[in-house]
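Coordinate analysis (summary)
Given next are the chains, with one letter for each unit.
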Amino acid sequence: MQIPARFRRTLQNLRDVRKYVGNNRTIRQFIQNYDMVYFGIVDPKDEVQLVRGITMSTTKTDKHYCVGTAYGRDMIFVQRRDSFSAFGRSEREVYHWNILAIDLDDSIHLPHTFVEAKKRYGVGFRAAAAMRERDWVELPPHFIGEYSDKFRKTYAVHMPNSYAASFWGILAPVTADQMVHYFDMFDYELADDTLYVYYLAKNPSVEKLDHMVKAGVWLAGEVEKTFMASVSVV
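This report concerns the structure included in the present document. Note that the coordinates shown come from a computational prediction; the quantities given were computed from them, not determined experimentally. (Residues numbered from 1 in each chain as written. Predicted model: local features only at pLDDT ≥ 70, side-chain atom pairs only at ≥ 80, totals over all residues. Heavy atoms only, no water.)

Further remarks concern the sheet that holds strand β7 (residues 155–160). With antiparallel pairing, the 9 strands of this open sheet are ordered in space as β1-β2-β3-β4-β9-β8-β5-β7-β6. Of all the strands in the sheet, the pair left with one neighbour each is β1 (37–40) and β6 (136–138). Each strand axis lies, on average, 20° off the axis of its neighbour in the sheet, ignoring direction. Relative to strand β4 (residues 93–103), strand β3 (residues 73–84) runs antiparallel, the two sharing 10 bridges. Bridging across to β4, Phe-84 finds its partner in Glu-93. Helix α2 (residues 25–34) contacts β1, β2 (61–70) and β3 of the sheet and is inclined by roughly 20° relative to β2. (Pairing = 2+ DSSP bridges. Helix = DSSP H or I, 4+ residues; strand = E, 2+ residues; numbered from the N terminus. Axes fitted to C-alpha atoms, helices over the stretch in contact; angles between N-to-C directions. Contact = heavy atoms within 4.5 Å.)

Relative to the helices and strands, Ser-107 is located in the loop between β4 and β5 (110–117). Looking at Ser-107, the relative accessible area reads 41%, which means it is partly exposed. Sequence-wise, Ser-107 and Glu-224 are 117 residues apart; in three dimensions their C-alpha atoms are separated by 9.3 Å. In contact with Ser-107, not counting residues within four places along its chain, are Phe-227 and Met-228. Only 2.5 Å separates the side chain of Ser-107 from the side chain of Asp-105, close enough to count as a polar contact. (Buried < 20%, exposed > 50% of the residue type's maximum accessible area, 1.4 Å probe, protein only. Polar contact = N/O pair within 3.5 Å; in protein donor to acceptor, adjacent residues only side chain to side chain.)

Under the criterion given, the structure shown has 24 aromatic pairs. Aromatic side chains Trp-97 and Phe-125 sit 5.7 Å apart centroid to centroid with 55° between the ring planes, which places their arrangement in the tilted category. Of this pair, Trp-97 sits in strand β4 while Phe-125 sits in helix α3 (residues 123–132), and the two are 28 residues apart along the sequence. We classify Trp-97 as buried; its relative accessible area is 1%. A residue is classified by how much of its surface remains accessible, and Phe-125, at 3% relative accessible area, is buried. Following the ring pairs from residue to residue traces out a cluster consisting of Phe-84, Tyr-95, Trp-97, Phe-114, Tyr-121, Phe-125, Trp-136, Tyr-196 and Tyr-198. (Phe/Tyr/Trp six-rings, centres within 6.5 Å; stacked < 30°, edge-to-face > 60°.)

Written as structure tokens, this is what we have:
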């Protein structure tokens, strides 16, 4: 399989390229299912970071970098670990993310948006995210009144205050309803022309990773359609 053109130059800078996954059967099966190219661990000192997003930090560790194309979408998969401390608490919050970064159409430029399950993260992670994205606001109920009750109870939407009124032009209510019905085990981030899908699990199953790919590919198409329709209306 040929590596997607937009990633080819970046991949030349990876310092720790590995040809084999070793004994991790889940990752090996996942790679085989989608004919992905495996790059293993990326040196944390490397200036080039393929997968950024809200979970990017100086303390994170990444492994199992995989690059490929599924259902016509260029994508990168990585497992990321990080921990956060909360004020007044001795124990650190530890997170193991399975992250899928999906390339959207080059004409798409989205405001930085995080659709986060309300009960999935602790105060340490939330505080770190708030410090990093100081212009983010959590959309109040009256901004998403057209969205289903289940969506509003399950997810919190964070985005820049200046774009708060335009969330409908990114994620339509009908799409949000389908998302929370079929794919509520994932969190979602949109930044410019990239969609990030997050699944918290230290040892995910092949079935969950496959479900993650399907969720991401489906949502990428829905976001593109909604965004382009909102632009044409304006």
